[in-house]
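Chain and residue survey
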Amino acid sequence: SEAFLGLDNLAFLDLNYNKLFEIKRVIFKDLKNLEHLYIQNTNVKFIEVNLITEIKKIKYFYLSNNKLQLINNFNIKDIVNLDLNQISQLSYNSFLNFKLLKRLDLSNNCIFNLHPKTFSSNNMLETLLLSYNVIRSVNKDIFSNMIKLS
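In this convention, every chain numbers its residues from 1, walking through the sequence in written order. This being a predicted model, a pLDDT of at least 70 is required before a residue's local features are given, and a value of 80 or more before pairs of side-chain atoms are given or counted; all residues contribute to the totals for chains, interfaces and linings. The basis for the side-chain values is all heavy atoms of the structure; hydrogens and waters are excluded.

**Some words on unusual backbone geometry**
Going by this rule: Counting from the N terminus, the helices are DSSP H or I runs at least four residues long and the strands are E runs at least two residues long.
Even without being a glycine, Asn 43 presents a positive backbone phi close to 70°. Topologically, Asn 43 is positioned in the loop between β3 (36–38) and β4 (46–47). One non-glycine residue, Asn 108, adopts positive backbone phi at about 55°.

Given below as structure tokens:
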């Protein structure tokens with residue numbers, strides 16, 4: 001839990017291709033200036049709720065190709081990549097704290113259900129990738145507040 005102690009100015013952290021299975025919030029508590037976090041291809045199954053709340057400057061969060069099944073509340077400003085995981089459902093609060101998010105990649109998961117309010121707080125979203133899932137139906141109003149979506 002003190003691996004990054006004293007690295008207050010660290011802006012870029014790449015933990016790709018490691019053997020991480022869970023990620024706890026305490027690990028990142030001292031990384032106040034972190035902007036880019038890469039945790040790809042690591043077999044992560046669990047991420048602690050509100051993992052990123054202490055990292056105020058985080059903009060890019062890459063969690064591709066892991067074994068995640070659930071989305072917890074993160075607070076990311078620009079880009080989140082969650083592709084190539086095992087996410088099956090998105091609840092109404094999956095992205096509640098993603099208010100400033102511009103790009104979200106959920107492709108290549110197992111998503112079959114999108115709650116009608118899944119993206120209700122994401123009106124800044126410009127790009128949303130949902131390809132290669134098993135979505136059964138989409139509510140007609142699910143993207144109605146996403147005025148920047150292209």
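**Observations regarding the sheet that holds strand β5 (residues 60–62)**
Put simply, the rule is: Strand pairing requires that DSSP identify at least two bridges connecting the strands. Every angle, taken between N-to-C directions, lies between 0 and 180 degrees, and every axis is a line fitted to C-alpha atoms, over only the stretch in contact when it is a helix.
Pairing within the open sheet is parallel, and its six strands lie in the order β1-β3-β5-β6-β8-β10. The outermost strands of the open sheet, each flanked by one partner alone, are β1 (12–14) and β10 (127–129). The sheet shows a mean angle of 0° between the axes of neighbouring strands, direction not considered.

**Here we look at the environment of Val 134**
Note the threshold: Here the term buried applies to any residue with accessible area under 20% of the maximum for its type, exposed to any over 50%, and partly exposed to those in between, with areas from a 1.4 Å probe on protein chains only. Any two residues whose heavy atoms approach within 4.5 Å at even a single point are treated as in contact.
Secondary-structure assignment places Val 134 in the segment after β10. The exposure class assigned to Val 134 is partly exposed, which follows from its relative accessible area of 49%. When the C-alpha atoms of Val 134 and Glu 22 are compared, they prove to be 26 Å apart, with 112 residues separating the residues in sequence. Beyond its immediate stretch of four places on either side in the chain, Val 134 contacts Cys 110, Ile 111 and Phe 112.

**Focus on the environment of Asn 85**
For the record, the criterion: We define a polar contact as two N or O atoms separated by no more than 3.5 Å, with the added condition that, inside protein, one atom must be a possible hydrogen donor and the other a possible acceptor, whereas residues neighbouring each other in sequence contribute only through side-chain atom pairs.
Here Asn 85 lies in the loop between β6 (79–81) and β7 (89–90). Residue classification places Asn 85 among the buried residues on the basis of a relative accessible area of 5%. Taking C-alpha positions, Asn 85 is 20 Å from Leu 13, a pair spaced 72 residues apart along the chain. Here Leu 82 takes part through its backbone oxygen, which lies 3.0 Å from a polar atom of the side chain of Asn 85. A distance of 3.2 Å separates the side chain of Asn 85 from the backbone oxygen of Asp 83, its partner in a polar contact.

As far as function goes, none of this settles anything; it's purely spatial.
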